[in-house]
Amino acid sequence: MILYIFVAVLTVFLGWMVNNHCKVQQNMISRQQILNGLCLVSVFLLLFGLAGCRLNVGNDYAKYVEFMHLINCDAFVPTEAGFNWIVRIIYNLSGFENYLLVFAFFAFFTVLIFMAAIYKQADSFGFSFFLFMAFGYYFQSFNTVRYYLALAIAVAVIPYVLRQEWLKFILLVLLGATLHKSILVVLPLYFLASLSWKKWQLGLAAVFCSTFFFMQDFYLKAVIFLYPTYEDTEYLEGGTSIVNIARCLAVLVFSLIYYKKTVKDSRRNRFYFYCNLGALVMYVCCSFLPIISRIGYYLTITHIFFLPALIDGVENRKLKKLFTAGVIGAAVLYFAVFILMKAGNDGLRILPYETFMFHDMVPILSDVN
C-alpha cells in the first residue's frame, strides 16, 4: 500500500511539471522541453517498472498464466487471437513459457499508450494525469491486462472521432478487438457521442433506454451471443456501482451549469458530455448486464479530460479555485477508498504487491492436475 501511494504521489508530482503545450522553437530545445522529456521518461519508467515486475498481483494473474500455458499447448482458450499470437511469439522467442515477459509487454504498451494519449489530448497533462492515477485506472490495469490495453487504445482513437476520420478510427478499434473484443462497443458509442443531439432526439433515446427495464432477457441473450463463455457463469449476475453513478451525476450537474459557456460550441467537450451522459444511463438502466463497468469505463475515462476542460471554462477566479479544490479533494478521497478498502479485495487483489525478484509463482491449475 505504501509503495502504491509513494509511486502515485511521485508520478503525479513529476506529471505536474510537464507542459504539454509548450511552443517548439526552431533549431532550439527549450528548458521546458528538456524538463518534459525527463519527467515523462521518469513517470513511464516508474509505472512500467511497477507493473512489469509484479508477480501474481491481480485477481486473474494465475488465470492468465494458465491461459498462456494452454495457448502454448495449442489447447482451446477463450481469449482473442491477438493475445494468443503475442503469447506464442514471446514464448517461442524466449524458448520457454516466459509469462513474466508477456505481462511486461502488456504493461509497457498500456502505460505508453495512456501517457501518449493524455499528453496529446489533455488541456493540462498534470491535471489529467492526476485524475488518471487518482481514479485508479493505472492500478486496475494490473487486472484484465487485455482489457486495459484495449481501453488505452480507445482513449488514443478519440481524436480520430473528433476529426471524423472514421476509417482510422474503425481500423484501430478492430486492432484493439484482437486483444479484447469489448472495445467494439466504442464503434457505436463514440459515434453517438460525437453527434450534436437535438432535444427531440434525446427524447427518442430516452424512450429506447426504457426498453432496458422490460427487455432484459433479450439483451442478456445478445450478450451471451457475443460472449458465449459467459453462459451459466457468475459473470451474468450483473451489478452496478453507486460510486460511478454519483461521479457521473456530479459531472453532469457541473457540465450543465457551464453548458452554454464550455460545452455547447465545443465539439470535443460535447463528445465528453455525451460520453458521461451515456455512462450514467448505462449504470442506471443496464445494471442487469454482466460487467457493465467494463463498458462504462470506455465512456467515463473521458472524465480525465472533461473535468479540467470544465474548470478551465470557469471565469470567476474564486469559483475556479473552489471547483479545482473540490475535484482534487474528491479524486484524492476516491483514491484513498480504492487503495484502503478495495485494492486487497478478491475482485481486484492488487495488494499485497509481490515481485518475481523476491517471490515465487503459485501453482496454476495445470500444475495441480
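Draft legend 1. Structural view of the overall build of the protein. Secondary structure summary: the protein contains 21 helices and zero strands in total. Whereas a compact globule of 369 residues would reach a radius of gyration of roughly 21 Å, the protein reaches 21 Å, a difference of no more than 12%. Projecting the C-alpha coordinates of the protein onto the three principal axes gives extents of approximately 65 × 60 × 40 Å. Classification of the 369 residues of the protein by burial places 47% in the buried group. A separation threshold of at least 6 residues defines the contact pool for the protein, and within that pool the share at least 24 residues apart is 75%. As displayed, the protein has an accessible area near 18600 Å², and 67% of this comes from carbon and sulfur atoms.

Draft legend 2. Representation of the nonpolar core. The biggest cluster of nonpolar side chains holds 118 residues, and the ones touching the most others in it are Tyr 138, Phe 139 and Tyr 190. Each residue touching Tyr 138, except ones within four places of it in the same chain, is listed here: Leu 46, Leu 47, Leu 50, Ala 51, Val 111, Phe 132 and Met 133.

Draft legend 3. View of a nonpolar patch on the surface. Together, Met 1, Ile 5, Val 9, Leu 333, Val 337, Leu 340 and Met 341 make up a nonpolar patch on the protein surface, roughly 660 Å² of accessible area in all. Elements represented by at least two residues in the nonpolar patch include exactly α1 (2–16) and α20 (317–342). Looking at the nonpolar patch element by element, the count peaks at four residues for α20.

Draft legend 4. Highlighting the environment of Ile 339. For Ile 339, the position within the fold is in helix α20. C-alpha separation for the pair Ile 339 and Leu 174, spaced 165 residues apart in sequence, amounts to 34 Å. Dropping the residues within four chain positions of it, Ile 339 is found in contact with Met 1, Tyr 4, Ile 5 and Leu 351.

Draft legend 5. Expanded view of the pattern of salt bridges. All chains considered together, the criterion is met by five salt bridges. Put simply, Asp 123 and Arg 268 hold a salt bridge, and the shortest N to O gap is 2.8 Å. Within this pair, whereas Asp 123 is found in the loop between α5 (99–121) and α6 (125–134), its partner Arg 268 is found in helix α17 (residues 267–285), the two being separated by 145 residues in sequence. Arg 268 gets classed as partly exposed once you look at its relative accessible area, which sits at 22%. Among the salt bridges present, the one from Glu 165 reaches Lys 168, with a minimum N-O distance of 3.5 Å. When salt bridges with common partners are traced through the structure, they connect Arg 163, Glu 165 and Lys 168 into a single cluster.

Draft legend 6. Focus on the packing of helix α2 (residues 31–52) against α5. It is at 9 Å that the axes of α2 and α5 come closest, and there the two elements cross at 145°. Relative to α5, α2 is oriented so that their crossing is right-handed. On α5, the residues that touch Asn 36, Leu 40, Val 43, Phe 44, Leu 47, Phe 48, Ala 51 and Gly 52 of α2 are Ala 104, Ala 107, Phe 108, Val 111, Leu 112, Met 115 and Tyr 119. Among the residues forming the contact of α2 with α5, the class breakdown is 13 nonpolar, two polar and no charged.

Draft legend 7. Broad picture of α6. The buried fraction of α6 is high, at 10 of 10 residues. For α6, the secondary structure elements touched by its buried residues are α1, α2, α5, α7 (137–140), α19 (303–312) and α20. Backbone geometry just downstream of α6 places Gly 136 in the positive-phi region, at approximately 85°.

Draft legend 8. Seen up close, the state of the cysteines. Taken as a whole, this structure holds zero disulfides when the rule is applied. Cysteine Cys 39 is unpaired, with the sulfur of Cys 22 as its nearest cysteine sulfur at 12 Å.

Draft legend 9. Expanded view of the packing of aromatic side chains. Under the criterion given, the structure shown has 42 aromatic pairs. Between the aromatic rings of Tyr 4 and Phe 142, the centroid separation amounts to 6.1 Å while the plane-to-plane angle is 70°, which identifies the pairing as edge-to-face. Here Phe 142 lies in the loop between α7 and α8 (145–156) and Tyr 4 lies in helix α1, a separation of 138 residues in the sequence. Side by side, Tyr 4 and Phe 142 carry an identical accessibility label, which is buried. With centroids separated by 5.9 Å and ring planes inclined at 55°, the aromatic side chains of Tyr 272 and Phe 306 adopt a geometry described as tilted. Placement of the pair is Tyr 272 in helix α17 and Phe 306 in helix α19, with a sequence separation of 34 residues.

Reading the values: rules and limits
- Residues numbered from 1 in each chain as written.
- Predicted model: local features only at pLDDT ≥ 70, side-chain atom pairs only at ≥ 80, totals over all residues.
- Heavy atoms only, no water.
- Helix = DSSP H or I, 4+ residues; strand = E, 2+ residues; numbered from the N terminus.
- Rg over C-alpha atoms; globule rule 2.2 N^0.38 Å.
- Buried < 20%, exposed > 50% of the residue type's maximum accessible area, 1.4 Å probe, protein only.
- Contact = heavy atoms within 4.5 Å.
- Areas by Shrake-Rupley, 256 points an atom, 1.4 Å probe, with all protein chains shown as cover.
- Core = buried A, V, L, I, M, F, W, Y, C linked by side-chain atoms within 4.5 Å.
- Patch = residues over 30% accessible without salt bridge, like charges linked within 9 Å, V, L, I, M, F, W, Y side chains within 5 Å.
- Salt bridge = Lys/Arg side-chain N within 4 Å of Asp/Glu carboxyl O.
- Axes fitted to C-alpha atoms, helices over the stretch in contact; angles between N-to-C directions.
- Left-handed = near helix turned anticlockwise from the far one by under 90°.
- Nonpolar A, V, L, I, M, F, W, Y, C, P; charged D, E, K, R; others polar.
- Disulfide = S-S within 2.5 Å.
- Phe/Tyr/Trp six-rings, centres within 6.5 Å; stacked < 30°, edge-to-face > 60°.

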